[in-house]
Amino acid sequence: MPQKHRPGCQLPALQLRPGREKSVLQRHPWIFSGAIAAWPDRLDDGGLAAVVAADGRHVGYAYVNRRCSIAARLVAFGDTDPHTAIRNSLQRAVALRQTLFDARRTTALRLVNGEGDGLPGLIVDRYADVLVCQISTLGMERLKSFLLEVLVELVQPRAVYEKSDVAARYEEGLTDAAGLLYGQDFGPLVILENGLRFHVDVKRGQKTGFFLDQRDMRALMETLVGGRRVLNGFAYTGGFSVYARRGGAARVVSVDSSGGALRLAQGNHALNGFPSVPEDFVEADMFAYLREIASGLFDVIILDPPSFARKKDDVVRAGRAYKDLNRLALTKVAPGGLVLTCSCSHFVDDKLFGQIVFQAAYEAGRNVRILHRHRQALDHPISVFHPEGGYLKSLLLSVD
Ligand code: SAH
């Protein structure tokens, strides 16, 4: 990799329009195409460039892609050469996680959370001794072998697998990519989360295989469900359900539209020694399921749907879907019950989500109070300089 040894100062310079260096100096990693005054001649899309202010002052290093509205993303602020900065960011990311988890109880974690770890376009999840990477930009794609080399050195995994299947890749001029990047091939894995065991099927599962961002909410719900009847909507492989079982729930029903996910959910019950009653795993559309059940059948309802708004244009339609879903749950939950409602859509922000829940509660005719607000788990840091990195929001509601 000749690039690795190329000192940053020899990179082509990308000049910003006057005043547009401000957000870079404030450590925001995105540069929109409108902020760029001049593109250097010798710079391919995906390549690295030095970023300079209109007055020629050097402000950092970024990789570029002219076809995207976010035309450059910074990997280094200030003078540190980009490869050293990336190595430092990876090192910091790994070191942070070592302080967050007891490895005897939790072996699945997000090791790299994109911009939140100073590495735009890169997600790395760790499942026991296997790493799963998701690359969403051309710039990171070009840096792949360097990233791999550093990750292997820092973590010494048994295998590194790529699962890059996000829509953003198409805007970048990339297509989906999946496959082994390093080490020995592997099958379904078993991970530990807070002492519970879960099967993770990296290759066939959704996202990188497990929804790590909800770890803290699963743990909180475990403490609240003792003796109560729990409906886990959008259950996937039964994360919340297994925690609810350990929390002593009287009954746990898992609903998901994917039969494959529910089979894994049943397997995860067995893996932890909990009985899995087949009728408590329901393959159904959660909206239809909620419409059909009697009121008061469940004391706790969990709503953790996939993103209903994948693009900005989807927001109005998504808002209606979130509202309907919440209205149904708030109508059906037993008096004195709890509803945990979540949205993982970037485009539905805290304020809008609050308004949606307000309207749903009003239409349900129930008195609803917020007990807890939560974002993503500790291993999904958000840079204060890049609030766009927050996507998940959850409200724990008490329903009179
Ligand atoms: N709460 C889970 C993650 C949920 S992911 C956990 O902690 O692991 C979202 C899930 O919703 C996926 O499993 C998907 O199959 C399911 N899903 C999507 N649309 C659905 C619908 N309309 N009704 C029921 N499940 C749906």
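One can find the structure itself at the top, above this paragraph.
Residues numbered from 1 in each chain as written. Predicted model: local features only at pLDDT ≥ 70, side-chain atom pairs only at ≥ 80, totals over all residues. Heavy atoms only, no water.

Some thoughts on the overall build of the protein
And step 1. Each helix and strand in the protein was counted, giving eleven helices and 20 strands.
And step 2. For 400 residues, the compact-globule formula gives about 21 Å, and the C-alpha radius of gyration of the protein, at 23 Å, lands near that figure.
And step 3. Considering only C-alpha atoms, the protein reaches an extent of 65 × 45 × 35 Å along its principal axes.
And step 4. Going through the 400 residues of the protein one by one, you find that 55% of them count as buried.
And step 5. Across the protein, 50 positive and 43 negative side-chain charges occur, with their mean positions spaced 2 Å apart. (Helix = DSSP H or I, 4+ residues; strand = E, 2+ residues; numbered from the N terminus. Rg over C-alpha atoms; globule rule 2.2 N^0.38 Å. Buried < 20%, exposed > 50% of the residue type's maximum accessible area, 1.4 Å probe, protein only. Lys, Arg positive; Asp, Glu negative; His and termini not counted. Charge placed at Lys NZ, Arg CZ, Asp CG, Glu CD.)

Comments concerning the packing of helix α6 (residues 215-222) against helix α7 (residues 239-246)
Relative orientation and spacing of two packed helices are given, respectively, by the angle between their axes and the distance between those axes.
And step 1. It is the contact of α6 with α7, at a shortest axis distance of 8 Å, that shows an interaxial angle of 30 degrees. When the interaxial angle is binned, α6 and α7 end up roughly parallel. In this structure, the crossing between α6 and α7 has a hand that is right-handed. Where α6 approaches α7, its residues Arg215, Met217, Arg218, Ala219, Met221 and Glu222 are matched on the opposing element by Gly239, Phe240, Tyr243 and Arg246.
And step 2. Here the contact of α6 with α7 is built from residues that sort into five nonpolar, one polar and four charged. (Axes fitted to C-alpha atoms, helices over the stretch in contact; angles between N-to-C directions. Parallel < 35°, antiparallel > 145°, perpendicular 65-115°, else oblique. Left-handed = near helix turned anticlockwise from the far one by under 90°. Contact = heavy atoms within 4.5 Å. Nonpolar A, V, L, I, M, F, W, Y, C, P; charged D, E, K, R; others polar.)

What to know about helix α11 (residues 350-364)
And step 1. In this model, α11 (15 residues) spans 21 Å end to end at C-alpha, consistent with the 21 Å of a helix rising 1.5 Å per residue.
And step 2. Among the residues of α11, those classed as buried are Phe353, Ile356, Val357, Ala360, Ala361 and Ala364. When α11 is viewed along its axis, its buried side chains cluster within an angular range of 130 degrees and face the same direction. Pointing more than 90 degrees away from the buried face of α11 are the exposed residues Lys351, Phe358 and Tyr362.
And step 3. Of the surrounding elements, those touching the buried residues of α11 are α10 (315-332), β18 (337-343), β19 (368-374) and β20 (393-399).
And step 4. Just past α11, the residue Gly365 takes up positive phi, approximately 70 degrees. (Expected span 1.5 Å × (residues − 1). Arc of directions from axis to C-beta.)

Description of the environment of Tyr61
And step 1. Residue placement: Tyr61 occurs in strand β5 (residues 58-64).
And step 2. Sequence separation of Tyr61 and Ile302 is 241 residues, and the distance between their C-alpha atoms is 43 Å.

Observations concerning the site of the ligand
And step 1. For the ligand, the set of nearby residues contains 15 residues, the closest of which are Arg218, Asp256, Asp285, Met286 and Asp304.
And step 2. Residue Asp285 places a side-chain N or O atom 2.6 Å away from a nitrogen atom belonging to the ligand.
And step 3. Compared with its free state, where it exposes 590 Å², the ligand has 90% of that area covered by protein.
And step 4. Looking at side-chain class alone, the shell around the ligand contains eight nonpolar, three polar and four charged residues. (Near = heavy atom within 4 Å. Polar contact = N/O pair within 3.5 Å; in protein donor to acceptor, adjacent residues only side chain to side chain. Areas by Shrake-Rupley, 256 points an atom, 1.4 Å probe, with all protein chains shown as cover.)

Comments concerning the pattern of salt bridges
And step 1. For the coordinates displayed, the defined rule picks out 28 salt bridges.
And step 2. Of the charged contacts in the structure, one is a salt bridge between Glu222 and Arg246, with a shortest N-O distance of 2.9 Å. One end of the pair, Glu222, is in helix α6; the other, Arg246, is in helix α7, and 24 residues separate them in sequence.
And step 3. One salt-bridge network, held together by shared partners, links Glu141, Lys144, Glu162 and Arg169. (Salt bridge = Lys/Arg side-chain N within 4 Å of Asp/Glu carboxyl O.)

Here we look at the state of the cysteines
And step 1. Summed over the entire model, instances satisfying the criterion amount to zero disulfides.
And step 2. Here Cys344 stays unpaired: no disulfide links it, and the sulfur of Cys342, its closest cysteine neighbor, is 8.5 Å away. (Disulfide = S-S within 2.5 Å.)

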